[in-house]
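Take a look at the letters that make up each chain.
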Amino acid sequence: MDVAELYTIPYKSLENGEHTLEFRFDDSLFAAYENTDIRHAQGRVGVTLLRSASMLELKVSIRGSVVVACDRCLDDCTVPVEFDGTLVVKFSDEVSDYDGEVMWLSPSAGSVDLTQYVYESILLSLPYQRVHPDGECDPEMLGRFRIVTGEEFDRLEQQAGSQGGAMRGLADLRRRMEESHGGENEE
Ligand SMILES: [Zn+2]
């Protein structure tokens, strides 16, 4: 099954008014984007869809958790996911780019694919720093690293330059996504 089918809402058969839907997300969503920073993911996506003649309004609530590498010890670290947002779907024969808040669909589309919205929303909801609570890092893993101060870390990061590192992967992606959104807005 194509991952997009899991996140596609066939609104055509829904009457005007409010509808509540729920579906789950898991590892397959991140596998579809070849995102290896997210080691595991699980949770649910609740959608309150308001259909009117001219548009759809989707209030999206995402709850769950993802497993990423701890920034400090690199061991698995579970981070809660909590996101609430509103997506507006408008209809036009001249379909414009999706900017993260308004999605344009052809009046004949019949369904709305939330795959990208859910994927980006989960990533954007994650805290910038992903570390275990103090004292819960893997002591064996920590022993292999020299613990550096924040200042030293900044310096090391600058030295690493554009090569980056595993722990900066997601931060880079976040930046790229923001840049690409910005670019679309300017068009
Ligand atoms: Zn840790």
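Higher on the page you've got the structure.
On a predicted model such as this, the values are computed, not experimentally measured, just so you know.

(A) Here's a closer look at the overall build of the chain. Counting its secondary structure elements, the chain contains six helices and seven strands. Each helix (α) and strand (β) of the chain, taken in turn from the N terminus, gives the series α-β-β-α-β-β-β-β-β-α-α-α-α. Within the chain, buried positions represent 35% of all 187 residues. Considering only contacts in the chain between residues 6 or more positions apart, those separated by 24 or more positions represent 61%. Working note: accessible area of the chain is about 11,100 Å², and carbon and sulfur atoms make up 48% of it.

(B) Representation of the side chain of Thr 115. You can see Thr 115 is positioned in helix H3 (residues 115-125). On the basis of relative accessibility, which here comes to 5%, the residue Thr 115 falls in the buried class. Sequence-distant contacts of Thr 115, that is, excluding residues within four places in its chain, are made with Ala 4, Tyr 7, Leu 29 and Tyr 33.

(C) Seen up close, the environment of Glu 15. Topologically, Glu 15 is positioned in the loop between strand S1 (8-9) and strand S2 (17-26). With relative accessibility at 63%, the residue Glu 15 sits in the exposed group.

(D) Main features of the side chain of Glu 120. As for its position among the elements, Glu 120 is in helix H3. A polar contact is formed between the side chain of Glu 120 and the side chain of Gln 116, at a distance of 2.8 Å.

(E) Examining the nonpolar core more closely. Leu 58 and Leu 114 are the most contacted members of the largest nonpolar core, which has 40 residues in total. Sorting the residues of this core by element identifies S2, helix H2 (27-32), strand S3 (40-51), strand S4 (55-69), strand S5 (76-91), strand S6 (102-105) and H3 as the ones contributing at least two each. Setting aside chain neighbours within four positions, we find Leu 114 in contact with Tyr 7, Ile 9, Phe 23, Val 47, Leu 58 and Leu 87.

(F) Quick look at the coordination of the zinc ion. Surrounding the zinc ion are the protein donor atoms Cys 70 (SG), Cys 73 (SG), His 132 (ND1) and Cys 137 (SG), at 2.1 to 2.4 Å. The sequence motif formed by the donor residues of the zinc ion is C-x2-C-x58-H-x4-C. Of this pair, Cys 70 sits in the loop between S4 and S5 while Cys 137 sits in the loop between H3 and helix H4 (139-144), placing them 67 residues apart in sequence. The pair formed by Cys 70 and Cys 137 is uniform in burial state, with each residue classed as buried.

(G) The arrangement of the pattern of salt bridges in detail. As enumerated under the stated definition, the model contains five salt bridges in all. For the salt bridge of Asp 76 with Arg 39, the shortest nitrogen-to-oxygen distance reads 2.5 Å. Of the two residues, Asp 76 sits in strand S5 while Arg 39 sits in the loop between H2 and S3, which places them 37 residues apart along the sequence. On the accessibility criterion, Asp 76 (40% relative accessible area) is partly exposed. Note that Arg 72 and Asp 134 form a salt bridge whose closest N and O atoms lie 3.5 Å from each other.

(H) Main features of the sheet that holds S6. Strand order in the open sheet formed by five strands is S2-S3-S4-S5-S6, and the pairing between neighbours is mixed. Two strands close off the open sheet at either side, each with one partner strand: S2 and S6. Sheet twist, expressed as the average angle between the axes of neighbouring strands with direction ignored, equals 20°. Summarising the sheet, S3 and S4 pair through twelve bridges and their orientation is antiparallel. Paired with Arg 44 across the strands is Arg 63, a residue of S4.

(I) Representation of the packing of aromatic side chains in the model. This model, assessed by the stated rule, comprises five aromatic pairs. Ring plane angle 45° and centroid distance 5.6 Å describe the contact between Tyr 11 and Phe 91, whose orientation is recorded as tilted. One end of the pair, Tyr 11, is in the loop between S1 and S2; the other, Phe 91, is in strand S5, with 80 residues separating them in the sequence. Their ring planes at 75° and their centres at 6.1 Å tell us that Phe 83 and Tyr 117 sit as a pair that is edge-to-face. In this pair, Phe 83 sits in strand S5 while Tyr 117 sits in helix H3, placing the two residues 34 residues apart along the sequence. By relative accessible area, Phe 83 is classed as buried at 18%. A connected cluster of aromatic rings, assembled from ring pairs, spans Phe 30, Tyr 33 and Tyr 119.

What counts, and where the lines are drawn
Residues numbered from 1 in each chain as written. Predicted model: local features only at pLDDT ≥ 70, side-chain atom pairs only at ≥ 80, totals over all residues. Heavy atoms only, no water. Helix = DSSP H or I, 4+ residues; strand = E, 2+ residues; numbered from the N terminus. Buried < 20%, exposed > 50% of the residue type's maximum accessible area, 1.4 Å probe, protein only. Contact = heavy atoms within 4.5 Å. Areas by Shrake-Rupley, 256 points an atom, 1.4 Å probe, with all protein chains shown as cover. Polar contact = N/O pair within 3.5 Å; in protein donor to acceptor, adjacent residues only side chain to side chain. Core = buried A, V, L, I, M, F, W, Y, C linked by side-chain atoms within 4.5 Å. Donors = N, O, S within 2.8 Å, 3.2 Å for Na, K, Ca; no water. Salt bridge = Lys/Arg side-chain N within 4 Å of Asp/Glu carboxyl O. Pairing = 2+ DSSP bridges. Axes fitted to C-alpha atoms, helices over the stretch in contact; angles between N-to-C directions. Phe/Tyr/Trp six-rings, centres within 6.5 Å; stacked < 30°, edge-to-face > 60°.

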